[in-house]
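# Report on the structure
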Amino acid sequence: MHRTFVLTTKVTQTTKLRIAAEPYFTIEVRSHRTRLPSGILVSRLLPGVLGSVLCLLNNLDVIHGMFAAPPGYHPLLVQRSPDIAQYLTWLRGLENSWLLPNYHAPWTTPKGLVVPGLVPVSILEKSLSISPAVALQVFSLVGYVCTAYALAFAYRTFCRSRAQALWSFVIALACVPVASLPGLLRISGGHGLFSDSAGAVEFIYTSDGFLHGLGAWVFTTYGTCAQVLSVALLARYCNSHERRWLMWLAIACCISALVHPFEVFVTVTVASVVLLQQDESLIANLANLGKILLGGAIGLLPHIIGSLRVPWLHEVESANRHFVFVTPAQLLAWLGVPSILVVLLLLLGYPRRREPNVLILKTWFISTIVVFYLPGIPFAMHMLDGLFLAVGMLLAVQCEELFPRRFFSSKPALLLAMLVLAWMLYPHVAFRLRAWNDGNRPANDFPFSTAVGSDDEFAAVQWLRQHASPNDLVLATEDAAPWIATVPVHSFASHYVFSLQMERPRDAAVRRAFFDGELTSTQAHDFEDTFGFRFFVVPGGSRATSYLGRAIMRAHFSSISIYEIPEARMKPYGDAKIVQMGSL
């Protein structure tokens, strides 16, 4: 048996020494200063390029809006979605305080929300004097690049070859909703597993912020990064039992929970199952697991303290539960054909290898589905972050065991595989083309978002920024409300979670009736007085002006007017009449 020992020194070139008396050993002396071969250099740059390209592909609508905004509109530099508007609202709030009130609530709220992930974005915005939208996009790009490098680290950990890593990535891309596959929607005949949106809603809802990143939810990208990196660090520890990997895993769990307090629930579940099966004493295994749990708990601590100390935060967190109800069959249909194949092959006993990497991949997949359905889990859709990448690696391992290598070397099998993959990759192209087309459209059609806003709305936001205070409550239309909040001011029913829309369904209905002129004068005035609206952002042609006899027109733009009731004041949090009015 021939053995090679590697010695690293600080000499200027690589030298190989062979000991003549012992032909079974080779000693290589490698220099720290040896120049990297071009292939290694490219492989180190490739993840950064991949992450940047994916960031651009998932922001085609923003790019189109930047260069082709129609007359009367300006580019937002971000997508026009409530969550993006919420990030910008928080960034504006962070300019004054690290603790934030609930700008989306219809009453005064004490400061208590911490958003650690946006603190560096706020610092970047202030230090470079750039707009919050630009700072947010820089933050998003960094997230894509970090996720790409985390994925490269995971592939080096789990995959036996570059070919297996490539197939893992392609399979992960093929994880698209079954409803979005060409031809199946028509064949299904409107079955419940399919939707009228041809899978677009499912594609965006199951966003991992990376492969499915059309929602542009930046924290989801970082959550995927943390999940992939954490599982890879766990595998490194299980294979080597080097304590440094356990330490880095605990740090990753802490940062993950601090920035986006959702994916860590899957991470600690996977770590619990795997670490308790290690060939060490029970006490040692529990001690190792305790370090991971401690890291996650420290990261969650600011969110837990806020929830316990601030009543409205507790209310928001209680509402931020499993508000998307899906059956297991629907969930698998959302996750795509590769996920269905993984389940079937797991039931058949594949993969059969018992090595740590295989155990971790299987645990990752199964734990994600189990945690997704745990009662009370916060925002269960975020439990799926990174799952597509796990499916890619696990299915690649299963196929490697199931099919001999020569199977895919035959031209018919390879051609069939290419056709099936092209069929499943088509939605990526179709949805991104749709996003590009909608990027500069004035209409904001669900589920895709435009990336432009009207000049009049921009002017209204600027006017309110100069004349309104964060303690004022503004009433605006459903489409404008999230963007009015970016002043920042309290904007009525401007976010589906933070405005407690699930708990207050009547708010949106009354607002719509107000702007459509469907309320009686008594009802409208009662609505105004109950909530204490100070400013009204009224679009041209709205019949709401008939209710504003007590208000003063303070500004008028071509399609928007701003009215003010100077003496109006928001009510305190928990006002009984407000609670009653919203929940009817």
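Structure report, in brief.

### Considering the nonpolar core
Core analysis: the largest hydrophobic core is formed by 74 residues, its most contacted members being F158, L211, L234, I292 and W364. Ranked by residues supplied to this core, first place goes to helix α17 (residues 387-402) with 10 residues. Those residues within four positions of I292 in sequence are excluded, and the remaining contacts are L246, L249, A250, C253, V268, A271 and L275. Counting 45 residues, the second-largest nonpolar core is a separate cluster that includes I84, A135, L214 and F498.

### Quick notes on a nonpolar patch on the surface
Residues L45, L46, V49, V53, L57 and Y149 make up a contiguous nonpolar surface patch of about 520 Å² in total accessible area. In terms of residues, the nonpolar patch owes the most to one element, helix α1 (residues 38-57), which gives 5 residues. Within the fold, V49 resides in helix α1.

### Brief notes about helix α14 (residues 328-335)
Taken together, the buried positions of α14 are L331, A333, W334 and L335. If you follow the buried residues of α14, they end up packed against α8 (200-205), α15 (337-347), α16 (356-372) and α17. At the C-terminal side of α14, G336 shows a positive phi close to 100 degrees.

### Some points on the state of the cysteines
By the definition in use, this model includes 0 disulfides. Note on C254: no disulfide assigned, nearest cysteine sulfur contributed by C253 at a separation of 8.8 Å.

### Details of the packing of aromatic side chains
Per the stated rule, a full pass over the model turns up 24 aromatic pairs. A centroid spacing of 5.9 Å and a plane angle of 80 degrees characterise the contact between W463 and F535, whose relative ring orientation is edge-to-face. Residue W463 is found in helix α20 (residues 455-467), and its partner F535 is found in strand β8 (residues 535-539); the two are separated by 72 residues along the sequence. Classification of F535 by relative accessible area gives buried; the value is 1%. Pairing F492 with F533 gives two aromatic rings, centres 5.3 Å apart and planes at 80 degrees, and the pair type is edge-to-face. Taken together, the positions of F492 in the loop between β7 (490-491) and α22 (505-516) and F533 in the loop between α23 (521-531) and β8 put the pair 41 residues apart, joining distant regions of the chain. Judged by relative accessible area, F533 falls into the buried class, the value being 0%. A connected cluster of aromatic rings, assembled from ring pairs, spans F492, F514, F515, F527, F531, F533, F536 and Y547. One residue, K126, lies across the ring of W98, its end atom 5.4 Å from the ring centre. Lying across the ring of W245, R236 places its NZ or CZ 5.4 Å from the centre.

### Some points on the pairing of strand β10 (residues 560-564)
Most of β10 sits out of view: 5 of its 5 residues are buried. Here β8 pairs with β10 via 5 bridges, running antiparallel. Bridge pairing in β10 links V537 to I562. Where strand β9 (residues 552-556) and β10 come together, 4 bridges link them in antiparallel fashion. Across the sheet, residue A555 finds its bridge partner in β10, namely I562. Counting the residues in the hairpin turn of β9 and β10 gives 3 residues.

### What to know about the pattern of salt bridges
The tally for this structure, following the rule as stated, stands at 19 salt bridges. Residue D479 pairs with R80 through a salt bridge whose shortest N-O separation is 3.1 Å. Remark: R80 occurs in the loop between β4 (73-75) and α3 (82-94) and D479 occurs in the loop between β6 (473-475) and α21 (481-484); sequence separation between them is 399 residues. Take D479: its relative accessible area is 39%, and that puts it in the partly exposed class. The class of R80 is buried, set by a relative accessible area of 4%. Sharing partners across several salt bridges, the network here consists of R160, R353, E355, E400 and E401.

### A word on unusual backbone geometry
Y350 connects to P351 through a cis peptide bond whose omega is 0 degrees. The step from V487 to P488 runs through a cis peptide bond, and the omega angle for that step is 5 degrees. In this structure, P488 sits in the loop between α21 and β7. In the Ramachandran plot, S129 falls in the positive-phi region, its phi being about 55 degrees despite a non-glycine side chain. Within the element layout of this structure, S129 appears in the loop between α4 (119-128) and α5 (132-158). The exposure class assigned to S129 is exposed, which follows from its relative accessible area of 66%.

So, how was this worked out
- Residues numbered from 1 in each chain as written.
- Predicted model: local features only at pLDDT ≥ 70, side-chain atom pairs only at ≥ 80, totals over all residues.
- Heavy atoms only, no water.
- Core = buried A, V, L, I, M, F, W, Y, C linked by side-chain atoms within 4.5 Å.
- Buried < 20%, exposed > 50% of the residue type's maximum accessible area, 1.4 Å probe, protein only.
- Helix = DSSP H or I, 4+ residues; strand = E, 2+ residues; numbered from the N terminus.
- Contact = heavy atoms within 4.5 Å.
- Patch = residues over 30% accessible without salt bridge, like charges linked within 9 Å, V, L, I, M, F, W, Y side chains within 5 Å.
- Areas by Shrake-Rupley, 256 points an atom, 1.4 Å probe, with all protein chains shown as cover.
- Salt bridge = Lys/Arg side-chain N within 4 Å of Asp/Glu carboxyl O.
- Disulfide = S-S within 2.5 Å.
- Phe/Tyr/Trp six-rings, centres within 6.5 Å; stacked < 30°, edge-to-face > 60°.
- Lys NZ or Arg CZ within 6 Å of the ring centre and 35° of its normal.
- Pairing = 2+ DSSP bridges.

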